[in-house]
Amino acid sequence: MDNTLSPISKVRLSSAAQRAVSDLGGQQEAMTQRVRLLSEINSGTVNQDGVDEVAQMVEPWLSEIADSVNRVPLPPHHDVSLDGSTREIAVADVLIAVRRPMAKRRVLLNIHLDTVFGPDHAFQNVRQPEPGVLHGPGVADAKGGLIVMLAALEAFERSYPHRELGWEVVLNTDEETGSRSSIGLLREAAARSDLGLVFEPTLPDGTLIHSRKGSGNFAVVIRGRAAHAGREFARGRNAVHALSQLFITLEKLNDLGRGVTLNLGRFTGGGPSNIVPDLAIGWFNVRVLDETGVKQIRYEIDRAVASINERDGFSAQLHGGFTSPPKPLDAPTKKLFDRVFDAGRALGLTMRSAESGGVCDGNKLAAAGLPTIDTLGPQGGHIHSDREYLLLDSLVERARLTAVLLHRLAEHPDTFPTRHGG
């Protein structure tokens, strides 16, 4: 994304912002230790005890700077089991901290406590393979982002002499599975706020994400009719075959030219080869560029599933939907990016942004009407793999960026977009 200098970029850092920047200069060792402590706790989404342990560690840190810190329980969400039934999935409580709730301007800061690495995953240890690099589960996504956010807020609270900017922190616990239980809380927090700051990691080279595709996760359960594969083959209705045909149809919906990708992720069904299988289940993910794409692809998926139901002896049930709406680079978001880039230039940073097919809670906040930047976390890479790493120098760098951004939001509120796009 190209960014030109705007009037606010000519304003030097205020004395309060300079104090915050200076204060953060000596924080890298402490920030690194916090990241290490959090990442050594397994907090895979399904590990409620582990996620809660992370929350217990973070809660007193927030209590030192917030007016209130509360645990908020979440409703369960539902998944399709391997037998075709739906099951309830419980998740850990969300942690919400609030400072100056009656302020005229309010900013929402968000990041998740969970990771993709469950307690049975082999990737559990945190180590430092070389100077300046930390390797471990969630060090970048998103324990590092959480610590960047906390350090920035601590520096802001220590250095800012006025009290006209309020903030709310929402640390949800199910982002890695789509925030299906916490989406309601995120929308409510968005309605109380003017801007959204999300602390997902940057791209490995420090590039921020300015627009994201929408993402939908689906499961389809196909039931047929069991029969002896020798004696009564013709009486059977092969659910595995029907799902195979459906997957071939869905695969044809991929259209890279229109930015549509449909990934067939998992297929299960059948049993002994002498029985016509009466159950097959498939899971798939869809990504599209915009709301028009959402409507078009959903129509095609529904039509493909309906064609199975039209066949004698078969039933097909579709579960899921688009949990992350598309996040385009609209005018309010562009204006907010201008402010972020201004803050970066004031710190001597080279700022870049790009589009991404990945999704996060920034998609949901933007869809709720909140201008949102969602890659204010540190630099790192190979997230969601056992090679995940964090560049330690970026912890202080990105905390300074957020602290300056908060100061400028407090000092020059009219230069920022509002929730309603002003």
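Report on the accompanying structure. (Residues numbered from 1 in each chain as written. Predicted model: local features only at pLDDT ≥ 70, side-chain atom pairs only at ≥ 80, totals over all residues. Heavy atoms only, no water.)

With respect to the nonpolar core
Membership of the largest hydrophobic core comes to 70 residues, with the highest contact counts inside it found for Val58 and Leu171. Counting residues in each nonpolar core, the second largest holds 24 residues, with Phe247, Leu253, Val286 and Val294 among its members. (Core = buried A, V, L, I, M, F, W, Y, C linked by side-chain atoms within 4.5 Å. Buried < 20%, exposed > 50% of the residue type's maximum accessible area, 1.4 Å probe, protein only.)

Notes on the packing of helix 3 (residues 48-63) against helix 4 (residues 139-159)
One way to put it is that helix 3 packs onto helix 4 with a least axis distance of 11 Å and a crossing angle of 15 degrees. Judged by the inter-axis angle, helix 3 sits roughly parallel to helix 4. The chirality of how helix 3 crosses helix 4 is right-handed. For the pair formed by helix 3 and helix 4, the contact residues are Val54, Val58, Trp61 and Leu62 on the first element and Lys143, Leu146, Ile147, Leu150 and Glu154 on the second. (Axes fitted to C-alpha atoms, helices over the stretch in contact; angles between N-to-C directions. Helix = DSSP H or I, 4+ residues; strand = E, 2+ residues; numbered from the N terminus. Parallel < 35°, antiparallel > 145°, perpendicular 65-115°, else oblique. Left-handed = near helix turned anticlockwise from the far one by under 90°. Contact = heavy atoms within 4.5 Å.)

Examining the packing of helix 2 (residues 28-39) against helix 4
Between helix 2 and helix 4, the shortest axis-to-axis distance is 9 Å and the interhelical angle comes to 135 degrees. In this view, helix 2 runs oblique relative to helix 4, as classed from their interaxial angle. For the element pair helix 2 and helix 4, the recorded crossing hand is right-handed. Side by side, helix 2 and helix 4 meet where Met31, Arg34, Val35, Leu38 and Ser39 of the first sit next to Val139, Lys143, Gly144, Leu146, Ile147, Val148, Leu150, Ala151 and Glu154 of the second. Broken down by class, the residue content of the contact of helix 2 with helix 4 amounts to 9 nonpolar, 2 polar and 3 charged. (Nonpolar A, V, L, I, M, F, W, Y, C, P; charged D, E, K, R; others polar.)

Here we look at the packing of aromatic side chains
Going through the model one piece at a time under the given rule, you end up with 5 aromatic pairs. On the basis of an interplanar angle of 10 degrees and a centroid distance of 5.3 Å, the ring pair of Phe218 and Phe284 is categorised as stacked. In this pair, Phe218 is assigned in strand 11 (residues 214-223) and Phe284 in strand 15 (residues 279-288), connecting sequence segments 66 residues apart. Aromatic pair Phe218 and Phe322: ring centres 5.9 Å apart, planes at 80 degrees, arrangement edge-to-face. (Phe/Tyr/Trp six-rings, centres within 6.5 Å; stacked < 30°, edge-to-face > 60°.)

Details of the pattern of salt bridges
Tallying each qualifying case throughout the model produces 22 salt bridges. Residues Glu59 and Arg71 are paired through a salt bridge, measuring 3.1 Å at the closest nitrogen-oxygen approach. With Glu59 in helix 3 and Arg71 in strand 1 (residues 68-72), the pair connects residues that are 12 residues apart, well separated along the chain. The class of Glu59 is partly exposed, set by a relative accessible area of 22%. Relative accessible area serves as the criterion here: at 28%, Arg71 is assigned to the partly exposed category. In this structure, the salt-bridge partner of Asp361 is Lys364, at a minimum N-O distance of 3.6 Å. Of the two residues, Asp361 and Lys364 are both situated in helix 9 (residues 361-367); the distance of 3 residues between them amounts to about one turn of the helix. For Asp361, a relative accessible area of 2% gives the class buried. Beyond isolated ion pairs, a larger network of salt bridges with shared partners links Asp67, Arg99, Arg100 and Glu157. (Salt bridge = Lys/Arg side-chain N within 4 Å of Asp/Glu carboxyl O.)

What about the pairing of strand 8 (residues 165-172)?
With 8 of 8 residues buried, strand 8 is to be regarded as a mostly interior element. Covered by surrounding structure in strand 8 are Leu165, Trp167, Val169 and Leu171 together with Gly166, Glu168, Val170 and Asn172, the residues of both alternating faces. Pairing of strand 4 (residues 94-99) with strand 8 involves 5 bridges; the strand directions are antiparallel. Along strand 8, the bridge assignment pairs Val98 with Glu168. Two strands pair when backbone bridges link them, and strand 5 (residues 105-112) and strand 8 are joined in this way by 8 bridges, in the parallel orientation. Residue pairing for strand 8: Ile111 is matched across the bridge by Leu171. (Pairing = 2+ DSSP bridges.)

As for the sheet that holds strand 9 (residues 195-198)
Strands sit in the order 1-4-8-5-9-18 across an open sheet of 6 strands; the sheet is mixed. Because the sheet does not close on itself, it has two edges, and the strands there are strand 1 and strand 18 (372-373).

Things to note about the side chain of Ser215
Assignment of secondary structure puts Ser215 in strand 11. The class of Ser215 is buried, set by a relative accessible area of 3%. A polar atom in the side chain of Ser215 sits 3.0 Å from the side chain of Asn285. Sequence-distant contacts of Ser215, that is, excluding residues within four places in its chain, are made with Asn285, Val286, Arg287, Gly321, Phe322, Thr323, Ser324 and Val359. (Polar contact = N/O pair within 3.5 Å; in protein donor to acceptor, adjacent residues only side chain to side chain.)

With respect to the side chain of Ser394
Its place among the elements puts Ser394 in helix 10 (residues 393-411). A relative accessible area of 3% places Ser394 in the buried class. Excluding its chain neighbours within four sequence positions, the residues that come into contact with Ser394 are Pro378 and Gln379.

Quick look at unusual backbone geometry
Put simply, Asp141 and Ala142 share a cis peptide bond, and its omega is 10 degrees. Backbone geometry at His384 places phi at a positive 65 degrees, although glycine is not the residue there. Relative to the elements of secondary structure, His384 occurs in the loop between strand 19 (380-381) and strand 20 (389-391).

Some points on the sheet that holds strand 13 (residues 261-269)
Here we have 4 strands laid out as an open sheet, ordered 13-15-11-16, and antiparallel in their pairing. Across the chains shown, the open sheet's two edge strands, defined by having one partner strand only, are strand 13 and strand 16 (315-324). Within this sheet the neighbouring strands show an average axis-to-axis angle of 15 degrees, counted without direction. Each of strand 11, strand 13 and strand 15 touches helix 6 (residues 239-251); the most contacted strand, strand 13, lies at about 170 degrees to it. Sheet contacts for helix 7 (residues 291-309): strand 11, strand 15 and strand 16; angle to strand 16, the most-contacted strand, approximately 165 degrees.

It is worth stressing that arrangement in space is one thing and function is another; only the former is reported here.
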